[in-house]
Amino acid sequence: MNLRSIIENFPSIKIPPHQYHQAEDCMNPAYLAIEDVVCPLRLNEKRIWALCTNMTLATGVKNAEVKQGNTPMDKVVHVTKELNEKNRYGHPSLAIPEKTTDYDGSVYYAGWVTQRANNLVVYLHSGRYKNRVLTLFQKQCLEIYIGIEFLQAYGEQDIIFYDKIHKHRGLFDFFLSDKPFDTRHEEIARTYSPSLFEKIIALEDLGLLSVSALETILGEEQPKKSSSTLEESEHKIVTKAVDKIAVEKDEISQGSSPRKSRY
């Protein structure tokens, strides 16, 4: 089992035809699949993203209903098509159905990402792709998958996911204006470290990744959860992953090539 196979059965969202706005059927001019990224984000650069059900993590730039602080389309290096100002480029422009494949435009998860001085910040803000039926564990699995992809593209660092909830409706203004989030926002934040991603990657490589192993790793990341409550067998599995990480780091230090993109 791998992370991708766990996620493939999660609920997704497909926008019905009547919910599309006028001039919203074009691919985002700044469209860039995460595996095609060749340079990190600039400080405070912002991109929208969507994890499609074909497991493509697509990124782009939004020009519709943009507030002050967003990265302008004409400032983006990776513009692949001529910009038509009459077209509306939001999250749906990252998930255009493909006539040549089975992809129908469905999306698991979507939001915004920006580079801060010490970490990546992801804000789960996307009106029509807000997946309200996901469980916390399903959210965490999606965020781990996305986090691994983002960090391999943008560099190793902590990544923080923030939920959009009505109680904190002003958070998007914080995000766009590059203000640091404060303790009021901790309840809607989930932080993932590179070491957590390394454990999961190692378990996949060993063929030991499972739902229970993921739950164990996520449980160990929570300071309030005692490790004595976790199954001993799962601890042994995670220990194998940690040992594998140590061996790989030693090989890299001796001149081996680092791991390539996983998905």
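Bear in mind the structure is a predicted one, so any value in this text is a computation, not a measurement.

S.K.: Can you walk me through the overall build of the protein in this structure?
M.R.: When its secondary structure is counted, the protein shows six helices and seven strands. What you see in the protein, going N to C, is helices and strands ordered as α-β-β-β-β-β-α-β-α-β-α-α-α. Split into buried and exposed, the 263 residues of the protein put 48% on the buried side. Just so you have it, the protein exposes about 13700 Å², and 49% of that area is on carbon and sulfur atoms.

S.K.: Explain the packing of helix α4 (residues 194-206) against helix α5 (residues 211-221) to me, please; I cannot follow it from the model alone.
M.R.: Packed helices, taken two at a time, are described by the angle their axes make and the gap between the axes. Relative orientation of the contacting elements α4 and α5 amounts to 165 degrees, with a least axis distance of 11 Å. By the angle between their axes, α4 is roughly antiparallel relative to α5. The element α4 and its partner α5 pack so that their crossing is right-handed. Counting all contacts with α4, which are made through Leu196, Lys199, Ile200 and Leu203, the residues of α5 involved are Ala213, Leu214, Ile217, Leu218, Glu220 and Glu221. Its residues assigned to classes, the contact of α4 with α5 shows seven nonpolar, no polar and three charged.

S.K.: When you look at the packing of aromatic side chains in this model, what are you seeing that I'm missing?
M.R.: Given two aromatic rings, one states the distance between the centres and the angle between the planes to describe the pair. Applying the stated criterion to the full structure yields ten aromatic pairs. A centroid spacing of 6.1 Å and a plane angle of 85 degrees characterise the contact between Trp49 and Phe150, whose relative ring orientation is edge-to-face. Here Phe150 lies in helix α2 (residues 136-154) and Trp49 lies in strand β2 (residues 46-52), a separation of 101 residues in the sequence. Each member of the pair Trp49 and Phe150 is classed as buried. Ring centres 6.2 Å apart and planes at 20 degrees place the aromatic pair Tyr192 and Phe197 in the stacked group. Given a relative accessible area of 4%, Phe197 falls into the buried group. Over the face of the ring belonging to Phe175 we find Arg116, whose NZ or CZ atom lies 5.6 Å from the ring centre. Positioned above the aromatic ring of Phe174 is the side chain of Lys179, whose terminal nitrogen or guanidinium carbon lies 5.7 Å from the ring centre.

Rules behind the numbers
- Residues numbered from 1 in each chain as written.
- Predicted model: local features only at pLDDT ≥ 70, side-chain atom pairs only at ≥ 80, totals over all residues.
- Heavy atoms only, no water.
- Helix = DSSP H or I, 4+ residues; strand = E, 2+ residues; numbered from the N terminus.
- Buried < 20%, exposed > 50% of the residue type's maximum accessible area, 1.4 Å probe, protein only.
- Areas by Shrake-Rupley, 256 points an atom, 1.4 Å probe, with all protein chains shown as cover.
- Axes fitted to C-alpha atoms, helices over the stretch in contact; angles between N-to-C directions.
- Parallel < 35°, antiparallel > 145°, perpendicular 65-115°, else oblique.
- Left-handed = near helix turned anticlockwise from the far one by under 90°.
- Contact = heavy atoms within 4.5 Å.
- Nonpolar A, V, L, I, M, F, W, Y, C, P; charged D, E, K, R; others polar.
- Phe/Tyr/Trp six-rings, centres within 6.5 Å; stacked < 30°, edge-to-face > 60°.
- Lys NZ or Arg CZ within 6 Å of the ring centre and 35° of its normal.

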